[in-house]
2 protein chains.
Amino acid sequence: MTIAVVQFNPTVGDLSGNLERLVALAQEVQHAGADLAVFPELCLTGYPPLDLLENPLFMDEVEQSLEDLAAALPPGLGVIVGAPVRNLTLTGKRLHNVALLLEDGREVARVHKTLLPTYDVFDEYRYFEPVFERQVVTWRGLRLGLHICEDMWNNEEQAPYHLYQANPIDELAALGIDLFVNISASPFSVGKQAVRSALVAEICQEHGVPFVMANQSGANTELIFDGSSGIWDATGTLVSHVPAFEEGFALWDTDTAAAAPVNVRNDDLADLHDALVLGIRDYFHKTGLFDKALIGLSGGIDSALTCALAVEALGPDRVLGVTMPSAYSSTGSVTDSEALAHNLSIAFRQIPIAPAVDAFSGMLAEAFAGTDDGVAEENIQSRARGVTLMALSNKFGHLLLSTGNKSELAVGYATLYGDTNGGLAVLSDVFKTDVYRLARYINARAGRPLIPENTLTKPPSAELRPGQEDADSLPPYDQLDTVLRLYIEEQQDLHQIANRTGYDLAFVRSLLQMVDRNEYKRRQVPPGLRVTDKAFGSGRRLPIVMRWARAAERVRV
Amino acid sequence: MTIAVVQFNPTVGDLSGNLERLVALAQEVQHAGADLAVFPELCLTGYPPLDLLENPLFMDEVEQSLEDLAAALPPGLGVIVGAPVRNLTLTGKRLHNVALLLEDGREVARVHKTLLPTYDVFDEYRYFEPVFERQVVTWRGLRLGLHICEDMWNNEEQAPYHLYQANPIDELAALGIDLFVNISASPFSVGKQAVRSALVAEICQEHGVPFVMANQSGANTELIFDGSSGIWDATGTLVSHVPAFEEGFALWDTDTAAAAPVNVRNDDLADLHDALVLGIRDYFHKTGLFDKALIGLSGGIDSALTCALAVEALGPDRVLGVTMPSAYSSTGSVTDSEALAHNLSIAFRQIPIAPAVDAFSGMLAEAFAGTDDGVAEENIQSRARGVTLMALSNKFGHLLLSTGNKSELAVGYATLYGDTNGGLAVLSDVFKTDVYRLARYINARAGRPLIPENTLTKPPSAELRPGQEDADSLPPYDQLDTVLRLYIEEQQDLHQIANRTGYDLAFVRSLLQMVDRNEYKRRQVPPGLRVTDKAFGSGRRLPIVMRWARAAERVRV
């Protein structure tokens, strides 16, 4: 039997579009010789559909679309798809997350998801009732251990604890199966491909059974899906796969005695790059509302990298760079931006902000009389730029990309309603040190400095007052990023971080407090592309009004 | 035995402050004669602690604080408190949500929460492992049916379905108890008090057992807690209660044969008013960062109401109103704002925005050459005001309150980075028709038009172009709000709404589409005070990049 693992890039909520594409892909894999096509989790709705699932009309249309899909799929082909279905009992959440095996216009098997991820960006128990029941799906003589995404993730034998009671993998293996089939919507983070693949290989080796995994590709708002779908033989060797970040399929003949191992790229930086490009591209493609990306170019590294990535995602004709110098801007602010625009062959515009800054200064002269210049005056400049960019965005239907990185966002080194403005934050999950690595990677790949060397080497500065440098307010970025990575991504805390880094306790505490105190800014920034296991945004939910004074003296009454 | 139900207003994360206050309240109720004090759910951490619960140092400090609390409570008093504790097994979520009975420095009983709300604003299964085990807590001869918040909510006998399998109320009753004791953190929404009270009364009547409920009061970011704690006798009659929206306690002697029924205010509009005032007050009080509230006054009803509520919450000395007229502002824009400021006795400032608008106009002249004036130009005015207000906020440490209402936010009738700017959105869960009702309520209570009559009677307008009125872009607010209430709060959809209202299908569809398409704006607005069962914000999670074309023709391939 020939199995096709199909790495599908759905658009959330686009039931008719997804249906059409599912049918086309099914036809394609049948022509290529497949007997059974395996599509990802919730492929009909796209993942994550979020609270669309709570809309009864949406679920009515899902039900109708499932019927239409079954009728439209090519005869003779078995097709496994994922969809939400209604829970028809009178108890529990109103939906189930299921895998359906469709054949010749009918549903021939249905498997429910058991383990419902409800952590980080995942909210599945918000919508779905789990079903703790295991069954083998026997189809054309093949005993399939069909299950959904998280159902395979409670199997890590060496884990310090298990998040769930049930272990669907072990239970399926105990029932006697020929093949594990996992349908997933497992998002990308740097290094995740290797973790996922190692887990699958461990499962194959433990049970001596091959494994088919179909994972979603493409980006939906914050979440980017690499796919990395594949087929592993009974020894845990990857024998067929679909390249990451693309839509496509791979075939595998179950009768093949020994297939050659497949090598996949193992390059975190290249993956990070490709994920960001895909994130930008799919935001534009799937919203379908914006002709061009608009980027404020400061001459600095963040805006230069954002611009270069946008050009890769959209092409140079669909990117507009705008430099907005002020009295405090260095010469490089304009010349480096110009050089970048020239290197990337994009449209470029220069709009000095002095008129607006002077106007606000005059308007506020009476109110500000007798005060010293400070953050208020600095922010006016950033906000004058923000207003200018939004005016261009509103006038011409361009999407403003915001350019702040994760390090800045973590410590609040950004102006709300100023440089944070935009529809999509491209680098909000990329630390500053990784911003530099990505910029160098792009230049190395191009074989020439697309991003000007001066942008890479000059000291980072917000240029909001004379002679300002980031180093005046922040520690060196390698130290900052080390602390932030331990705190945010590894959930380490004060003493652990001080011990692991050797940094001074007061220094570490001051950084953690900066992170904690700036939650209010992060609540109002645009959605950002998630590329780590812990991004700011929907996966990190902290109170704004709160008073946890870390390591403060406790009151002993 | 005398039981005190204590309605406690904690600050999220303030372990030392909450501990100190818990001890003081315990001493107070003991002096008043209580043997047993019942505090709300998670009272040590405040509700909702959100992802603070994922921080190991935070949980270390919670554990230490629990020990300190037990030691500091007055001897001889039984005290029931709520706290998160670690799950010490090797399976499941890492915490439990528990009620602890403390006495003479020791924990004498522990009860786990079984039903974990994971819908709307609630994410409890993100953190807590449920425990499906029922026990009676016998204390000084009294058999207590102790349980936590949601544990009582699966008992609605007439519900079309039950969200959970377990019914802790029935299970406790079956074990034989003298008294139900519920500790809650059940947030306010208009009408919720009556629903909660009716549910408790039904439980009392069903089982013939009295009921003690201690609910949190106070506001934490979006969520406002009315408390409305009380004691119901075995017939379901409320016999003792703590007034809503305040911290306080009520006593009840279990040996009292028949207590007199207590009447509680039944006034949705007054509750809505009090909730908003509390929401503003606690945001200021609990953050402790801001001396004054800053409000941009347009002469319109939304900013006038926001301002009047802020004055009630903070006093006139802590509110600053700023009017920022443009070329398109009506005379009333300034004079009505002045009159309001005068009526409320607040500081007032006038800053015309023409210089900034002219400056942007000049800066953009080349880019905009040959285009017609439109949304871009309108938004520049709103954003010039936003920049001005934020400059004052940054300079003087005032908190900018944003004034948009739920109707506008629903259909995107607001300028991002302009009038949406602020730290707290006071009216974002109040429909425009309710904004008018609240304004009239305030005037009626004051016995004079604090909010100028002209503000109440003139046609609503954003005043961003000559002669503009809301009615140019939007239907009459009574129609709009009717549709929005059905769609957002009652989850009705296109045909249902058209049928129920008699409105034209195309008209309803156009409104629903406006709601769907403006999700991107709502993602970036400040947190807003939640006063209905379905507010924008953390309780309503919709994808931004999505293409659900409601009722579009389905593709039949």
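Up top is the structure.
Note that the structure is a prediction, hence the values are computed from the model and not measured. (Residues numbered from 1 in each chain as written. Chains lettered and ligands numbered in written order. Predicted model: local features only at pLDDT ≥ 70, side-chain atom pairs only at ≥ 80, totals over all residues. Heavy atoms only, no water.)

Caption draft 1: Region of interest: the interface of chain A and chain B. Contact with chain A, which involves 115 residues of that partner, is made by 115 residues of chain B. When chain A packs against chain B, close to 9700 Å² is buried across both sides, 60% of that on carbon and sulfur atoms. Three residues stand out in chain A for area buried against chain B, namely A:Val545, A:Arg547 and A:Trp548, and they jointly supply 8% of the buried area on that side. Inspection of the region where chain A meets chain B yields nine salt bridges. Salt-bridge contacts for A:Glu377 lead to B:Lys395; the nearest nitrogen and oxygen are separated by 2.9 Å. At the junction of chain A with chain B, the criterion picks out 43 residue pairs in polar contact (both at pLDDT 80 or more). Every element with two or more residues in the side of chain A that touches chain B is listed here: helix H1 (15–31), helix H2 (56–72), helix H5 (268–287), helix H8 (354–363), helix H9 (365–368) and helix H10 (375–396) of chain A. If you tally residues by element for the side of chain A that touches chain B, the top one is H10(A), at 14 residues. Each residue belonging to the side of chain A that touches chain B can be placed in one class, and the counts come to 57 nonpolar, 26 polar and 32 charged. (Contact = heavy atoms within 4.5 Å. Buried area = accessible area lost by both parts, 1.4 Å probe. Salt bridge = Lys/Arg side-chain N within 4 Å of Asp/Glu carboxyl O. Polar contact = N/O pair within 3.5 Å; in protein donor to acceptor, adjacent residues only side chain to side chain. Helix = DSSP H or I, 4+ residues; strand = E, 2+ residues; numbered from the N terminus. Nonpolar A, V, L, I, M, F, W, Y, C, P; charged D, E, K, R; others polar.)

Caption draft 2: A look at the pattern of salt bridges. Residue and element names in this part refer to chain B. Applying the stated rule across the entire model yields 63 salt bridges over all chains. Residues Arg21 and Glu247 are paired through a salt bridge, measuring 2.4 Å at the closest nitrogen-oxygen approach. Placement of Arg21 in helix H1 (residues 15–31) and of Glu247 in the loop between strand S13 (238–241) and strand S14 (248–253) is noted, with a sequence separation of 226 residues between them. The partly exposed category is assigned to Glu247, whose relative accessible area is 29%. (Buried < 20%, exposed > 50% of the residue type's maximum accessible area, 1.4 Å probe, protein only.)

Caption draft 3: How the structure looks around the relation of the copies chain A and chain B. Once turned by 180° and shifted 0.0 Å along the axis, chain A lies on chain B with an RMSD of 0.0 Å. Such values leave the two copies arranged in the relation of a two-fold axis. Among all C-alpha atoms of chain A, that of A:Gln524 lies closest to the rotation axis, at 2.1 Å. An overlap of 100% is found between the interface residues of chain A and their copies at the interface of chain B, pointing to a shared contact surface. (Least-squares fit on C-alpha atoms with pLDDT ≥ 70 in both.)

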